[in-house]
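Structure at a glance
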Amino acid sequence: MTNDDRPTLRAAMDPLDDLVLAVRGDENSGTPDYELPPAVTLDKASEVLGLNPAEGLSLAKSGAYPVPVINVGPEGFRVGTAHLIRAVGLDTVRRALRVEG
């Protein structure tokens, strides 16, 4: 990973065998590694993007959400964490999800 604009993202398994996004840091710069969930709720994604959750839901239903959404049926919508990283950057997503490096 050379910078936070283009982090190296890979699927991995955490110690509990849950699927995570492994964000690997640059060994030369001391940038830490992170494990992030592969997807987040629409409410959390809306928070990260600076949207009101109700507005986010309306945009998702109309197909106009700023990043791709996954319709999981009665449970609502989920948003891929990688799409959020591309939209607002790794640091913003990491802070919003409270992931420490």
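The structure we're discussing is the one just above.
Thresholds, definitions, all that
Residues numbered from 1 in each chain as written. Predicted model: local features only at pLDDT ≥ 70, side-chain atom pairs only at ≥ 80, totals over all residues. Heavy atoms only, no water. Helix = DSSP H or I, 4+ residues; strand = E, 2+ residues; numbered from the N terminus. Buried < 20%, exposed > 50% of the residue type's maximum accessible area, 1.4 Å probe, protein only. Contact = heavy atoms within 4.5 Å. Areas by Shrake-Rupley, 256 points an atom, 1.4 Å probe, with all protein chains shown as cover. Salt bridge = Lys/Arg side-chain N within 4 Å of Asp/Glu carboxyl O. Axes fitted to C-alpha atoms, helices over the stretch in contact; angles between N-to-C directions. Parallel < 35°, antiparallel > 145°, perpendicular 65-115°, else oblique. Nonpolar A, V, L, I, M, F, W, Y, C, P; charged D, E, K, R; others polar. Arc of directions from axis to C-beta.

What to know about the overall build of the protein chain
Looking only at helices and strands, one finds four helices and six strands in the protein chain. Order of helices (α) and strands (β) in the protein chain, N terminus to C terminus: β-β-β-β-α-α-β-β-α-α. Among the 101 residues that make up the protein chain, the fraction classed as buried is 37%. Pairs at least 24 apart in sequence give 41% of the contacts found in the protein chain among residues at least 6 apart. Taken as a whole, the protein chain presents about 6200 Å² of accessible surface, with 49% of it coming from carbon and sulfur.

What about the pattern of salt bridges?
Counted by the stated rule, this structure contains two salt bridges. For K44, the salt bridge is made with E47, and the minimal N-O distance between the two is 3.4 Å. Here K44 and its partner E47 are both found in helix 1 (residues 42-49), three residues apart, which amounts to about one turn of the helix. Of the charged contacts in the structure, one is a salt bridge between R94 and D91, with a shortest N-O distance of 3.6 Å.

What to know about the packing of helix 1 against helix 2 (residues 53-62)
One can describe the packing of helix 1 onto helix 2 by two numbers: an axis separation of 9 Å at closest approach and a directional angle of 110°. Classified by the interaxial angle, the pair formed by helix 1 and helix 2 is roughly perpendicular. Contacts between helix 1 and helix 2 involve L42, D43 and S46 from the former and P53, G56, L57 and A60 from the latter. Taken together, the residues of the contact of helix 1 with helix 2 break down into four nonpolar, two polar and one charged.

Some details on helix 1
All of the buried residues in helix 1 are L42, A45, S46, V48 and L49. The buried residues of helix 1 occupy an angular sector of 160° when projected down its axis, which confines them to one face. Buried residues belonging to helix 1 abut strand 4 (39-41), helix 2, strand 5 (69-71), strand 6 (77-80), helix 3 (81-88) and helix 4 (90-96). The first or second residue beyond helix 1 is G50, which carries a positive phi of 80°.

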